[in-house]
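Chain residues, written in single-letter form:
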Amino acid sequence: MARNGAINESPSSSYYLPQHDMEAGANGGENVPSDPFDITNTKNASLEMLKRWRQAALVLNASRRFRYTLDLKKEEEQEQRRRMIRAHAHVIRAALLFKLAAEREIGIVVKPPTSIGDYGITLEQLASMTRDHNFLTLQQYNGVKGLSGLMKTNLETGIDGNDDDILKRRNAFGSNTYPPKKGRSFLGFLWEAWQDLTLIILIVAAAASLALGMKTKGVKEGWYDGGSIAFAVVLVIIVTAVSDYRQSLQFKNLNAEKRNIHLEVIRGGRRVEASIFDLVVGDVVPLKIGDQVPADGILITGHSLAIDESSMTGESLIVHKDQKMPFLMSGCKVADGFGTMLVTGVGINTEWGLLMASISEDTGEETPLQVRLNGVATFIGVVGLVVALSVLSVLLARYFTRNTKDPDGTVQFVRGISIGDAVDDIIKIITIAVTIVVVAVPEGLPLAVTLTLAYSMRKMMADKALVRRLSACETMGSATTICSDKTGTLTLNQMTVVEAYVGKKKIDPPDDSSQFDLVVSTLLNEGIAQNTTGSVFVPKDGGDAEVSGSPTEKAILSWGIKMGMKFDIIRSESTLHRVFPFNSEKKRGGVALWLRNSEFHIHWKGAAEIVLASCSRYLDTTGCLQSMDEDKVFFKRAIDDMAGNSLRCVAIAYRPYEAEKVPTDEEQLDHWVLPEDDLILLAIVGIKDPCRPGVKDAVKLCQDAGVKVRMVTGDNLQTAKAIAMECGILDSNGDLNEPTIIEGPVFRALPVNERDIVAKQILVMGRSSPSDKLLLVQTLRKGGEVVAVTGDGTNDAPALHEADIGLAMGIQGTEVAKESSDIIILDDNFASVVKVVRWGRSVYANIQKFIQFQLTVNVAALVINVVAAVSSGAVPLNTVQLLWVNLIMDTLGALALATEPPTDHLMCRTPVGRREPLVTNIMWRNLIIQAFYQVGILLVLNFSGTSVLSLKKHNREYANDVKDTVIFNAFVLCQIFNEFNARKPDELNVFSGVTQNHLFMAIVSMTFVLQVIIIEFLGKFTSTVKLGWRLWVVSIVIGLMSWPLAVVGKLLPVPETPLAEFFTKPLRRLRAHVTCIKFPSRYGMCLKRNNEAPP
């Protein structure tokens, strides 16, 4: 390893740096899909791909439609700002190096620290030294020890940590927060909702109608037409803005939760968990592999500590930290090793704080459903635009050819008509056409995805899942396999030593040290206390010892304490000379120690069978050395027996080493590899980690839902097999041999073709390294699987990044793993992973419910108005009425249907295919039946309503008003009742669980009440008249009939082949021909695929 500031390319750096996803990203030129909306995976999609679908979408209000997608322009600006801040830091440091070199030459002494309040150094002096990495200033302060004195910090026990102490430090040196970018206010959302082109046209038309109406009919009667349209538009804008503002607040809260990192800090001698925002200058923070450096600071002690500074420098290089390069920058990641740091700068006084304060956290991100729904919205919008133009042309032609008549039968366009009246009539015709566009273009369709995702993300927090990437919610609904860790996910992560072997003797109980010699006990305690990243705090009042560290470390330390180990005393009797941190590839970690008597010991601890293979001798219970040759079989059998009982097996070994062979020169020590052969076995322990309660049911639920659960663990294969059987991943009656159960190295060694076949059959992979897990994920994805992966370590980052859905553990997971993940499982529980699958399926199902509901309204409203306009020159649904229908359909309908909670029924289906049509045959059946019914009944009312409703006895104008009011009322009530049908597209009982969805019931009730108010009290605004109770009954019965009709419809069978296939096949063939002509290099492939030459 390079030291003294040397910078190396490290293999481990690739573990967590973003990698180009060939499947998801741009494939360049010829491989870009011909359909801009055909993006099945937006994870790491190229900017070119994202631009294409935006440009292809028909949009009325771009700022609203694309709000929750990635702001490409802002992303470029923020990247430029990051580069500028990084360049600024580089320039400062370069200048400082020249300055320091000159000062050393001429012997300039650094200005001594200035006392401020309770501390011997000012904020400016600390910030300047840390920001500039000024090593000369640090030396003038007598290094980190002298600096800690100025800051009133004990390097061993940290600060006191009481409220007064923390408050003083915050006042003197600032808090570890930075001012976030101010979010958009409610007025901003109002302004954005106003940007819709059609609403602007309607407002202009309303203003013109208002002016003409007041001029011709007087102020008292003339303002109704224009005023009612303006009021309806304002209502749409306000409701839209309120809905969008609520969503933004949900995203804001979730972003705050994402930034709230929890870490260990040493205060008052004990390790305590604290939020990153609670960190203060003077805190002592332990660092381990995978952690984020939480603030600017200076290294106190470190062992093989390597920091990835790419987040600040922009270069994927690893910098090794030691006493000559002690400065640590906030926001960087620990790539290797461990150590402790003294916090010297927090919040806005760090480069990371400046960077975070200067860029806004963009919650925008494409999701596959969002892109596909934009395609659907564009198609429907084009159809609606064509229909609206047709209606406009027909109405204008009928008007100017004198075929348009008033309700009393008089022709509207007659000779001598005033210009004002003619303009007023034309404005009304234009507003009808524009309103048809408003109803036809479903702007709310793509936003319904965001709405349901925002709702799901908030609810998933309660289910212990924090979503980092929006698209992961919906992708989880398509997951076909989950590759799960064992420890902490399927098990409780509450480890205890339950079996122990010293020599060939099984110690029972395992913590009874009287059963073996003092020599063995001394060496064992030395190995346990020194070869660990954990710690033990013994309260001064004599209470129970507090053990911290990873679950395995805590189990072994607790075992040592029970055997009488005095942690602090043992650590003070020897000095760490070299540390080899635990490595998930080698499955072991080691330390080299100088003892007081100048002896030198090397201790190793790790996977039992791996450490055993390096042992040539062992100590028996009497402390005598014995040869391992004859007894190795015994120890292997003991390991297998413990593994068969679901125990994690750990071996502890050591070897004495010749003091004269130990390198003392720093450069030689850097390249010295700890000897790991000829070891002496001290003990083998079996650690019990019980299965989580309910995990077996969770696994069964997944399997029934068509999701295969695979266990991928670094543990012994026998341990993995035993746990897998307990969890229900393996069936005792099933095949328990290869390839169902396989070791990582065996899988890695398989030929590629064989590996592709074997991967699909694997249920348990033991002794797997992170590269084995990555290889399995890549192989499964290559085979068409949608893969979810759980992980907690730094080295799991590539697999988390590669998987379709990366699930990091919130308790045991490192910050590197969390940053590479899409979802963080806050309680590390597999049952929570299954809940995420339920929510993923719920997102997709809710969107389909909304699509079915909205398309039914679209088809019915368009057909009714078009047929009426062409045949009679008048439309039964006017502008204000259509805007109310649009409000029900777009905003209120989305709120009601997109927030349905998941049901167990969702887990009885197979995973949702990535290319499965959004509108299924079942949905087409439901939609067509309801639309035909609504169109049919309302057209009958439109053309024969006066006779059907017995209105002939009234005058013609009143009869028409009543008829049109009944049509409008019945149409709205049809939508209210059809919302219940949309809840359960494939179930007969549409009312199951409806009372549990309070929002749905509230919206339906509110819509009905508002409809009653509109009909009975707002007739002047909506051009309706009051209805008697008989006509209300007629309207309700018409709406109510949609329920039995839906039941009958669901009994009709539907074909297996998606209806869309019949229409898209010719289109795909045409595209293939065009591609062959455009790219001649593909000519042969085209012929093979299409079995014919391109035209």
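Residues numbered from 1 in each chain as written. Predicted model: local features only at pLDDT ≥ 70, side-chain atom pairs only at ≥ 80, totals over all residues. Heavy atoms only, no water.

Participant: Give me the lowdown on the overall build of the protein chain, citing residues and values where you can.
Facilitator: On a plain count of helices and strands, the protein chain comes out with 39 helices and 27 strands. The proportion of buried residues among the 1095 residues of the protein chain is 55%. Partitioning the intrachain contacts of the protein chain with sequence separation of at least 6 by distance along the chain shows that 72% fall at a separation of at least 24. Here the protein chain has roughly 46500 Å² of accessible surface; of this, 58% comes from carbon and sulfur atoms. (Helix = DSSP H or I, 4+ residues; strand = E, 2+ residues; numbered from the N terminus. Buried < 20%, exposed > 50% of the residue type's maximum accessible area, 1.4 Å probe, protein only. Contact = heavy atoms within 4.5 Å. Areas by Shrake-Rupley, 256 points an atom, 1.4 Å probe, with all protein chains shown as cover.)

Participant: An account of the sheet that holds strand 23 (residues 741–743) is requested, with residue identities and associated values reported.
Facilitator: A sheet is described by the order of its strands in space; here eight strands give the open sequence 9-27-26-25-10-22-24-23, paired in mixed fashion. Each edge of the open sheet is held by one strand with a lone partner, namely strand 9 (465–467) and strand 23. Each strand of the sheet is rotated relative to its neighbour by a mean of 20°, with strand direction disregarded. Relative to strand 25 (residues 787–791), strand 10 (residues 481–484) runs parallel, the two being bridged by three bridges. Of the residues in strand 25, the one forming a bridge with threonine 481 is valine 787. (Pairing = 2+ DSSP bridges. Axes fitted to C-alpha atoms, helices over the stretch in contact; angles between N-to-C directions.)

Participant: Pulling in residues and values, what's your account of the side chain of aspartate 291?
Facilitator: Its location among the elements puts aspartate 291 in the loop between strand 4 (284–288) and strand 5 (296–308). For aspartate 291, a relative accessible area of 14% gives the class buried. Excluding residues that lie within four positions of it along the chain, aspartate 291 makes contacts with Pro286, Cys332, Lys333, Val334 and Glu815.

Participant: A description of the packing of aromatic side chains should follow, citing residues and the corresponding values.
Facilitator: Tallying each qualifying case throughout the model produces 19 aromatic pairs. Between tyrosine 399 and phenylalanine 400, the aromatic rings sit 5.2 Å apart at their centres with planes inclined by 80°, giving edge-to-face as the arrangement. With relative accessibility at 0%, the residue tyrosine 399 sits in the buried group. What makes phenylalanine 400 partly exposed here is its relative accessible area of 43%. In this arrangement the basic side chain of lysine 504 is found over the ring face of phenylalanine 634, its NZ or CZ atom lying 5.4 Å from the centre. Over the face of the ring belonging to phenylalanine 1000 we find arginine 983, whose NZ or CZ atom lies 5.6 Å from the ring centre. (Phe/Tyr/Trp six-rings, centres within 6.5 Å; stacked < 30°, edge-to-face > 60°. Lys NZ or Arg CZ within 6 Å of the ring centre and 35° of its normal.)

Participant: Report on the packing of helix 13 (residues 368–400) against helix 30 (residues 830–872), specifying residues and quantitative values.
Facilitator: One way to put it is that helix 13 packs onto helix 30 with a least axis distance of 10 Å and a crossing angle of 10°. Accordingly, the angle class assigned to the pair helix 13 and helix 30 is roughly parallel. Along its contact with helix 13, which presents Leu369, Arg372, Leu373, Ile380, Gly384, Val387, Val391, Val394, Leu395 and Arg398, the element helix 30 presents Val843, Tyr844, Ile847, Ile851, Leu855, Asn858, Leu862, Val866, Ala869, Val870, Ser871 and Ser872. Classifying every residue of the contact of helix 13 with helix 30 by side-chain character gives 16 nonpolar, four polar and two charged. (Parallel < 35°, antiparallel > 145°, perpendicular 65-115°, else oblique. Nonpolar A, V, L, I, M, F, W, Y, C, P; charged D, E, K, R; others polar.)

Participant: Explain the pairing of strand 22 (residues 708–712) residue by residue, including any values.
Facilitator: Working note: regular strand, side chains alternate between the two faces of the sheet. Extensive coverage of strand 22 is indicated by the burial of four of its five residues. Judged from the two bridges that link them, strand 22 and strand 24 (residues 764–766) form a sheet pairing that is parallel. Each bridged residue has a counterpart across the sheet, and for valine 712 the counterpart in strand 24 is methionine 765.

Participant: Explain helix 6 (residues 143–150) to me, using residue names and the numbers behind them.
Facilitator: Regarding helix 6, the residues found buried are Val144, Leu147 and Ser148. Down the axis of helix 6, the buried side of the element spans an arc of 100°, and every buried residue falls inside it. Where the residues of helix 6 are buried, they touch helix 4 (123–131), helix 5 (135–140), strand 5 and strand 8 (333–345). (Arc of directions from axis to C-beta.)

Participant: Outline the pairing of strand 3 (residues 270–275), listing residues and values.
Facilitator: As paired strands, strand 2 (residues 262–267) and strand 3 are joined by six bridges and run antiparallel to one another. Bridged to valine 265 within strand 3 is valine 272. Linking strand 2 to strand 3, which pair antiparallel, is a turn of two residues; within it glycine 268 sits at a positive phi near 65°.

Participant: Break down the confidence of the model for the protein chain for me, citing the residues and quoting the values.
Facilitator: When pLDDT is averaged along the protein chain, the result is 81, and 82% of the positions lie at 70 or above. Low pLDDT, under 50, characterises residues 1–33; the predicted model gives this stretch 79 contacts beyond four residues in sequence or across chains. (pLDDT = per-residue confidence, 0-100.)

Participant: Lay out the nonpolar core with the relevant residues and their values.
Facilitator: Core analysis: the largest hydrophobic core is formed by 77 residues, its most contacted members being Val233, Ile436 and Phe971. Element by element, the count of residues in this core is highest for helix 33 (residues 956–983), at 14 residues. In terms of nonpolar packing, the next biggest core, distinct from the first, is built from 71 residues, Val699, Ala705, Ala724 and Val834 among them. (Core = buried A, V, L, I, M, F, W, Y, C linked by side-chain atoms within 4.5 Å.)

Participant: Now, about a nonpolar patch on the surface: what can you tell me, with residues and values included?
Facilitator: On the surface, Met1006, Phe1008, Val1009, Leu1010, Ile1013 and Phe1017 cluster together into a nonpolar patch covering about 520 Å² of accessible area. You can call leucine 1010 partly exposed: its relative accessible area is 32%. (Patch = residues over 30% accessible without salt bridge, like charges linked within 9 Å, V, L, I, M, F, W, Y side chains within 5 Å. Salt bridge = Lys/Arg side-chain N within 4 Å of Asp/Glu carboxyl O.)

Participant: Please set out unusual backbone geometry residue by residue, giving values where relevant.
Facilitator: In the segment running from aspartate 508 into proline 509, the intervening peptide bond is cis, with an omega of 0°. Its place among the elements puts proline 509 in the loop between strand 12 (505–506) and helix 17 (518–530). The omega torsion across glutamate 738 and proline 739 is 0°, close enough to zero to call that bond cis. In this fold, proline 739 is placed in the loop between helix 24 (717–727) and strand 23. In this model, serine 950 sits at a positive phi of 60°, which is unusual for a non-glycine residue.

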